Amino acid sequence: MLTCLSDMPEIGGDEVLVVGCLRNEMLRLPAFLEHYRRLGVSRFLLVDNGSDDGSREWLLAQPDVTVFHTDQSYAESGCGIAWQNALLRDHAVGRWTFIVDVDEFFIFPGYEGAGLRPFLDYVESHAATAVVAPMIDMYSGGAIARTGYVSGQDLLIACPFFDGDGYEMGPEASEAHDLPVRGGPRHRLFWERHDRGFPSPVLKKTPLVRWSEACELVASTHTLKGCTWAEVSGVLLHFKFLQDFAENAREETERAEHFADARQYRAYDDVLAREAGLTAFHEGSVRFQDSAQLAQMGLMRVPEDYPFLRGGA
């Protein structure tokens, strides 16, 4: 099912991994790898599903990336779940692992000054094995189609804004309690004014897990088995709204490889095809400052004994 195109080095027990799938992500890949390298990731296990934009060739030149390839249908794999479960089972047991898409950049409270290892030590000291994080969609101050992001640049310079309110918060009984589970600009632009017949995207994910033999992805990282969730949470800064968004929405609509016949991408394409100048910026937009800001706004959960955040909630 998966063909390994790179050498697979021996992975140390204390190494932090990234596992993910991609197709034609050359625009975001350099910033993606740089972000997770800075956090402390030492090995990327990435499945390329038929890229033709140079992504695979570029990844093969990266010494800390092991590239796997498959031409299997993304839909038939459960939207990549089968591929990722296989890699996690074979390489991630006992290791902290990020399970993320290339447009998802994980941050945690106080990440600007604290290292990832102390953060993981804190999570482990509270007998937890997973960290939940909502996706917060980031965007520019102008038309999405004219974002003008250049590959390798800081994405927060190109897309520094996010919605400050308008989120549906998770119920107390959920691992996502008091955190956004729906809402943001995708709901506002593509669902709020349209009768879709199905809900807007779920924002809640569990992108950071100390993988075990009991773990299993059920619905991407929206639903996992075999985890104990930490009280502290993170955020996934989500960089979907670049200048390639309309083209991607049209292509994925035509390919129909995503969940439920790509109905989410059909919703995007429905609006983007009619509104070429669509902008996500509005009166409720907020410029990103730091993790303390997100904690104060209730977009991150920070326990009272958490030691790494200054000026936080």
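In this text the structure is predicted, and so the values were computed from the model without any measurement. (Residues numbered from 1 in each chain as written. Predicted model: local features only at pLDDT ≥ 70, side-chain atom pairs only at ≥ 80, totals over all residues. Heavy atoms only, no water.)

A.B. asks: Would you mind showing me how to read the overall build of the protein here?
C.D. replies: The helix and strand tally for the protein stands at nine helices and 15 strands. In terms of overall dimensions, the protein is globule-like: its C-alpha atoms have a radius of gyration of 19 Å, near the 20 Å expected for 313 residues. Oriented by its inertia axes, the alpha-carbon framework of the protein measures out at about 50 × 45 × 35 Å. In the protein, which comprises 313 residues, the share counted as buried stands at 56%. Partitioning the contacts of the protein with sequence separation of at least 6, the portion at a separation of at least 24 is 72%. For the protein, the exposed surface amounts to about 13000 Å²; the carbon and sulfur share of it is 48%. Each charge class in the protein can be summarised by its mean position, and for the 28 positive and 47 negative side chains these summaries are 2 Å apart. (Helix = DSSP H or I, 4+ residues; strand = E, 2+ residues; numbered from the N terminus. Rg over C-alpha atoms; globule rule 2.2 N^0.38 Å. Buried < 20%, exposed > 50% of the residue type's maximum accessible area, 1.4 Å probe, protein only. Contact = heavy atoms within 4.5 Å. Areas by Shrake-Rupley, 256 points an atom, 1.4 Å probe, with all protein chains shown as cover. Lys, Arg positive; Asp, Glu negative; His and termini not counted. Charge placed at Lys NZ, Arg CZ, Asp CG, Glu CD.)

A.B. asks: Just to check I follow, could you spell out the environment of Leu236 for this structure?
C.D. replies: Within the element layout of this structure, Leu236 appears in strand E14 (residues 235-238). A sequence separation of 38 residues divides Leu236 from Arg274, and the C-alpha atoms of the two residues are 29 Å apart. Setting aside chain neighbours within four positions, we find Leu236 in contact with Tyr36, Val100, Glu104, Phe105, Phe106, Ala133, Pro134, Met135, Ile136, Lys205 and Pro207.

A.B. asks: Please explain the side chain of Thr206 as it appears in this structure.
C.D. replies: Residue position: Thr206 is located in strand E11 (residues 204-210). Within polar-contact distance, the side chain of Thr206 engages the side chain of Trp229 at 2.9 Å. In this view, Thr206 contacts Ala130, Val131, Val132, Thr221, Leu224 and Trp229; residues no more than four positions away in its chain are not counted. (Polar contact = N/O pair within 3.5 Å; in protein donor to acceptor, adjacent residues only side chain to side chain.)

A.B. asks: Help me out: how do you make sense of the environment of Glu175 in this one?
C.D. replies: As for its placement among the helices and strands, Glu175 is situated in the loop between strand E9 (167-169) and strand E10 (180-183). Using a relative accessible area of 23% as the deciding quantity, one classes Glu175 as partly exposed. Along the sequence, Glu175 and Pro30 sit 145 residues apart, while their C-alpha atoms lie 32 Å from each other. Leave out the neighbours within four places in its chain, and Glu175 touches Val132, Lys204, Trp229 and Arg301.

A.B. asks: Any chance you could explain the packing of aromatic side chains here in plain terms?
C.D. replies: To describe a pair of aromatic rings, one takes the distance between the centres and the angle between the planes. This structure, assessed with the given rule, holds 21 aromatic pairs. Centroid distance Tyr36 to Phe105: 6.4 Å. Interplanar angle 50°. Geometry classified as tilted. Placement of Tyr36 in helix H1 (residues 29-39) and of Phe105 in strand E6 (residues 104-107) is noted, with a sequence separation of 69 residues between them. Of the two residues examined, Tyr36 and Phe105, each falls in the buried class. With 4.9 Å between their ring centres and 75° between their planes, Phe161 and Phe281 make a pair best called edge-to-face. (Phe/Tyr/Trp six-rings, centres within 6.5 Å; stacked < 30°, edge-to-face > 60°.)

Function-wise, these values are silent; they only describe arrangement.
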